[in-house]
Amino acid sequence: MKEALYYSVIDKEKKTVGCVLCPHNCKIQPGKTGACRARKNIDGILQSLVYGEFASVNLDPIEKKPLYHFYPRTHILSVGTTGCNLRCQHCQNWEISQSDYNPEIMRSLSPEEAVSMAKRYKSIGIAYTYNEPLINYEWVAETAKLARGEALKNVLVTNGFINEQPWENLLPLIDAANIDVKSFKNDFYKSACGAEIGPVLRSVEIMFKRGKHVEVTYLVIPGKNDSEHEIADFVDWLSSLSPEIPVHFSRYFPQYKMKEETTPVKTMELARRVAMKRMKYVYLGNI
Ligand code: SF4
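These numbers were taken from a predicted model, which means no experiment stands behind them. (Residues numbered from 1 in each chain as written. Predicted model: local features only at pLDDT ≥ 70, side-chain atom pairs only at ≥ 80, totals over all residues. Heavy atoms only, no water.)

A. Local environment of the sheet that holds strand β12 (residues 153-158). With mixed pairing, the eight strands of this open sheet are ordered in space as β8-β9-β11-β12-β13-β14-β15-β16. Either end of the sheet is taken by a strand with one partner, and the two such strands are β8 (56-61) and β16 (282-285). Sheet twist, expressed as the average angle between the axes of neighbouring strands with direction ignored, equals 20°. Docked against the sheet, helix α2 (residues 111-120) engages β8, β9 (75-80) and β11 (125-128), running at close to 120° with respect to β11. Contacting β14 (213-220) and β15 (247-251), helix α7 (residues 228-241) runs over the sheet at an angle of about 175° to β14. (Pairing = 2+ DSSP bridges. Helix = DSSP H or I, 4+ residues; strand = E, 2+ residues; numbered from the N terminus. Axes fitted to C-alpha atoms, helices over the stretch in contact; angles between N-to-C directions. Contact = heavy atoms within 4.5 Å.)

B. Inspection of the packing of aromatic side chains at higher detail. By the definition in use, this model includes twelve aromatic pairs. Taking the centre distance of 4.7 Å and the plane angle of 65° together, the rings of Y68 and Y283 count as edge-to-face. Of this pair, Y68 sits in the loop between β8 and β9 while Y283 is found in strand β16, placing the two residues 215 residues apart along the sequence. Taking relative accessible area as the criterion, Y68 reaches 30% and is therefore assigned partly exposed. A relative accessible area of 24% places Y283 in the partly exposed class. Between F70 and Y71 the ring centres are 4.9 Å apart and the planes differ by 80°, which places this aromatic pair in the edge-to-face class. The exposure class assigned to F70 is buried, which follows from its relative accessible area of 8%. Grouping aromatic residues by their ring pairs yields a cluster made of F184, Y218, F234, W237 and F249. (Phe/Tyr/Trp six-rings, centres within 6.5 Å; stacked < 30°, edge-to-face > 60°. Buried < 20%, exposed > 50% of the residue type's maximum accessible area, 1.4 Å probe, protein only.)

Read these as layout, nothing more, since geometry by itself doesn't imply function.
Quick look at the structure:
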């Protein structure tokens, strides 16, 4: 465990704390965890339960993140813990993202060990991925700093649902990210993910404006976010940042609590055609 950054004590007597890492801004009583299940109030101190504890550690092709325009044909050490600050009904990694912290399935890895492992396997750097890495902010920030000192790259694969200040403070250490935009409608974010779209779009905008490499993934779900109109709105917004941002439309398969049929290939092709009117690099995944 590690004492969390970005929280304050909001009731000294009752030992209640307020976490301001992500826009949920959880108020957490002693003994309880925040909505992400990764940060727990222990006797009035907010602790990161997942600091240095990993459910998945692999050496992946960078294209698997997916990042197609960032050191292609290289491999990257990829690490993930458990928990998430979103509740997506269609989560593809729900076994780890929607589970409570469970020491039995975790292996420990310090920032120093991760950096030396990345060097040993000739990885270009470290990808913070699989579940939502930003809920493991403290470990990511420490490791990214060490990795930067060893000329390794730092990559995030994130839902982008983070408050502005912690995001701004982390970005100097980050080289690239793939950020999910799950829909272009707030209603979808609310009903399917338990979140809001505004902070996600803001995270993409901030990262791009800081000159970092950004790619965006949009999982296309039949009847939920696949209308021509919604895809056009999404690419209008993204192209207003830059038509050069790579876009990945990913094909949905029924997962977790969402039972919609698998996305037809023709829907994926339509999404690509619509996006290609505005964007230069549009890819289809999971086909
Ligand atoms: S990071 Fe976790 S504990 Fe903090 S506000 Fe977000 S969901 Fe709540």
